[in-house]
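If you want the building blocks of each chain, they are given just below.
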Amino acid sequence: MSEFPYNNRTFQILDAAEKGGYAVAAFNCYNTDGILGSIKAAERMKSPAIIEIFPWSMHFHGPEFIKFASEACHAASVPMSLHLDHCTLEPDVYKALELPFDSIMVDASSHDPEENIRFVRHIVELAKERGITIEAEMGRIVGGEDGVPTVDMETLYTEPELAAEFIEGTGVHFLAPSIGNVHGPYPPGGPEKYWQLDRLEMIKKLSPSSMLVLHGAYPIVDDLMKKTIELGVRKVNLNKNLHVCYLDFLAQNVGKLEMTQLQEQSIAVWTAEAERCIKLLGSDGKAA
């Protein structure tokens, strides 16, 4: 049997992406519809994929929901894992370590750099004992998602030299750099104006063994996304990308369709968009 981290599902998925030169979709899900729709898309596209949930789900849904999500991922016919996104509070990190997550994003990026390194290193050591891999953020990705505070657009970008030191100092498995990407809506000009691809390129150059994660990928700009993959991005977090079409369908059809039809058809809408994202990232057929 392989040793850690090579026996970890998220690591296996992203290590294969690193070797294959593609990226894997990480779908942020808030309910069973998102989980089922994402699994259906991955299986149809014969693609690896990652299901992500926020700490909110640990509190609102409880541990049984986490167990369901984990078992659903692990029962899929393609490689899939369960990831906890943006775990910002210490008590939530420790709680997550006792639940069946394959990987956890420890988000201490709002702390000073020294404290960020200290805390992430501590969690990496604890997680290793449980077979869990760790993602961390270096710099500050601005904007607002569930559990992620909104801050000013004047962001702290990831410095490539410091990123290399951070990876070395923490032993973190996956790095989410800040290159001008934001959570939530972009100011005028969108990603084309704010993403600094030269910064991303230098981060990968100075940390060639790192597996990079892209947050703030809404809206997707196809050519720009493909370029980030060429420069080393291996995991792309997708949140609003799926929820806009899913929620629009629900809003238009609540009260018009039977409950079973509403659920089946709304999941089909989610699945179709997830399939489009998988194809764009180049992971389709990689689990064949």
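Residues numbered from 1 in each chain as written. Predicted model: local features only at pLDDT ≥ 70, side-chain atom pairs only at ≥ 80, totals over all residues. Heavy atoms only, no water.

*Asks:* Pulling in residues and values, what's your account of the confidence of the model for the protein chain?
*Replies:* Mean pLDDT over the protein chain stands at 93; residues scoring 70 or higher make up 94%. A low-confidence stretch, residues 147-151 stays under pLDDT 50, and its non-local contacts, those more than four residues away or across chains, total 12 contacts. (pLDDT = per-residue confidence, 0-100. Contact = heavy atoms within 4.5 Å.)

*Asks:* So what about the packing of aromatic side chains? Which residues, and what values?
*Replies:* Here the structure, examined in full by the defined rule, presents 7 aromatic pairs. For the pair Tyr-30 and Phe-54, a centre-to-centre distance of 5.8 Å together with 40° between the ring planes defines the contact as tilted. Here Phe-54 lies in the loop between β2 (49-53) and α3 (55-60) and Tyr-30 lies in the loop between β1 (24-28) and α2 (32-44), a separation of 24 residues in the sequence. Feature note: the residues Tyr-30, Phe-54, Trp-56 and Phe-60 constitute an aromatic cluster, connected by ring pairs. A cation over a ring is seen here: Lys-286 above Tyr-22, with NZ or CZ 5.2 Å from the ring centre. (Phe/Tyr/Trp six-rings, centres within 6.5 Å; stacked < 30°, edge-to-face > 60°. Helix = DSSP H or I, 4+ residues; strand = E, 2+ residues; numbered from the N terminus. Lys NZ or Arg CZ within 6 Å of the ring centre and 35° of its normal.)

*Asks:* Break down helix α11 (residues 240-253) for me, with residues and values.
*Replies:* Under the 1.5 Å per step criterion, the end-to-end length of α11 is 20 Å for 14 residues, consistent within 8% with the ideal 20 Å. Along α11, the residues classified as buried are Asn-241, Leu-242, His-243, Tyr-246, Phe-249, Leu-250 and Asn-253. Considering only its buried residues, α11 is in contact with β1, α2, β10 (233-238) and α12 (259-281). (Expected span 1.5 Å × (residues − 1). Buried < 20%, exposed > 50% of the residue type's maximum accessible area, 1.4 Å probe, protein only.)

*Asks:* With reference to specific residues and values, describe the packing of helix α7 (residues 160-170) against helix α9 (residues 197-206).
*Replies:* Where α7 contacts α9, the axes come no closer than 8 Å and their chain directions differ by 40°. In terms of orientation, α7 and α9 fall into the oblique class. Both α7 and α9 take part in a crossing whose hand is right-handed. Residue-level contacts link Pro-160, Glu-161, Ala-163 and Ala-164 of α7 to Arg-199, Met-202, Ile-203 and Leu-206 of α9. (Axes fitted to C-alpha atoms, helices over the stretch in contact; angles between N-to-C directions. Parallel < 35°, antiparallel > 145°, perpendicular 65-115°, else oblique. Left-handed = near helix turned anticlockwise from the far one by under 90°.)

*Asks:* Requested: an account of the pattern of salt bridges, with residues and values cited.
*Replies:* Scanning the entire structure with this criterion turns up 14 salt bridges. Glu-135 is paired through a salt bridge with Lys-235; the nearest N and O atoms lie 2.8 Å apart. Of the two residues, Glu-135 sits in strand β5 (residues 133-138) while Lys-235 sits in strand β10, which places them 100 residues apart along the sequence. A relative accessible area of 1% places Lys-235 in the buried class. As a salt-bridge pair, Asp-222 and Arg-276 come within 3.9 Å of each other at their nearest N and O atoms. Here Asp-222, found in helix α10 (residues 222-230), pairs with Arg-276, found in helix α12; they are 54 residues apart in sequence, far enough to count as distant. A relative accessible area of 34% places Asp-222 in the partly exposed class. Here the salt bridges share partners, and the residues they tie into one network are Glu-18, Lys-204 and Arg-234. (Salt bridge = Lys/Arg side-chain N within 4 Å of Asp/Glu carboxyl O.)

*Asks:* So, the pairing of β5: which residues are in play, and what are the values?
*Replies:* Of all 6 residues in β5, 6 are buried; the element is thus mostly enclosed. Here β5 shows no split at all, with Thr-133, Glu-135 and Glu-137 on one side and Ile-134, Ala-136 and Met-138 on the other all buried. Handedness of the crossover is the feature at issue here: the chain leaves strand β4 (residues 103-106), passes through helix α6 (residues 113-129), returns alongside β5, and the resulting connection is right-handed. Sheet topology places β5 next to strand β7 (residues 174-177); 4 bridges connect them, and they run parallel. Following the sheet pairing, Met-138 is matched in β7 by Pro-177. (Right-handed = clockwise from strand over helix to strand, strands pointing away. Pairing = 2+ DSSP bridges.)

*Asks:* Describe the sheet that holds β5, and please don't skip the residues or the numbers.
*Replies:* Strand pairs in the sheet, formed through backbone hydrogen bonds, run parallel or antiparallel to each other. Strand order in this closed barrel of 8 strands is β1-β2-β3-β4-β5-β7-β9-β10, and the pairing throughout is parallel. On average, each strand axis in the sheet is inclined to that of its neighbour by 25°, with strand direction left out of account. One ladder, built from 4 bridges, connects β1 with β10; its direction is parallel. Each residue of the ladder has a partner; that of Phe-27, found in β10, is Leu-238. Running over the sheet, α10 touches β9 (211-214) and β10 and is turned about 140° from β10.

*Asks:* Describe the nonpolar core, listing the residues and the values that go with them.
*Replies:* Membership of the largest hydrophobic core comes to 76 residues, with the highest contact counts inside it found for Phe-101, Ile-104 and Met-225. A per-element tally of this core places α12 first, with 7 residues. Beyond its immediate sequence surroundings of up to four residues, Ile-104 is in contact with His-83, Leu-84, Cys-87, Ala-96, Leu-97, Ile-132, Thr-133, Ile-134 and Glu-135. The next biggest cluster of nonpolar side chains, apart from the first, holds 12 residues, and it includes Phe-11, Leu-14, Tyr-22 and Ala-176. (Core = buried A, V, L, I, M, F, W, Y, C linked by side-chain atoms within 4.5 Å.)

*Asks:* Could you give an account of the environment of Val-120, with specific residues and numbers?
*Replies:* If you trace the backbone, Val-120 turns up in helix α6. In this structure the C-alpha to C-alpha distance between Val-120 and Ala-136, which are 16 residues apart in sequence, comes to 7.3 Å.

*Asks:* Explain unusual backbone geometry residue by residue, including any values.
*Replies:* Omega for the peptide link from Phe-4 to Pro-5 comes to 5°, which places this bond in the cis form. Tracing the chain through its elements places Pro-5 in the segment before α1 (9-20). The step from Tyr-218 to Pro-219 runs through a cis peptide bond, and the omega angle for that step is -5°. Checked against the element boundaries, Pro-219 lands in the loop between β9 and α10. Its identity as a non-glycine residue notwithstanding, Lys-46 has a phi of 50°, on the positive side. By secondary structure assignment, the location of Lys-46 is in the loop between α2 and β2. On the basis of relative accessible area, Lys-46 is assigned to the partly exposed category, the value being 44%. Even without being a glycine, His-86 presents a positive backbone phi close to 45°. When you line up the elements, His-86 lands in strand β3 (residues 80-87).

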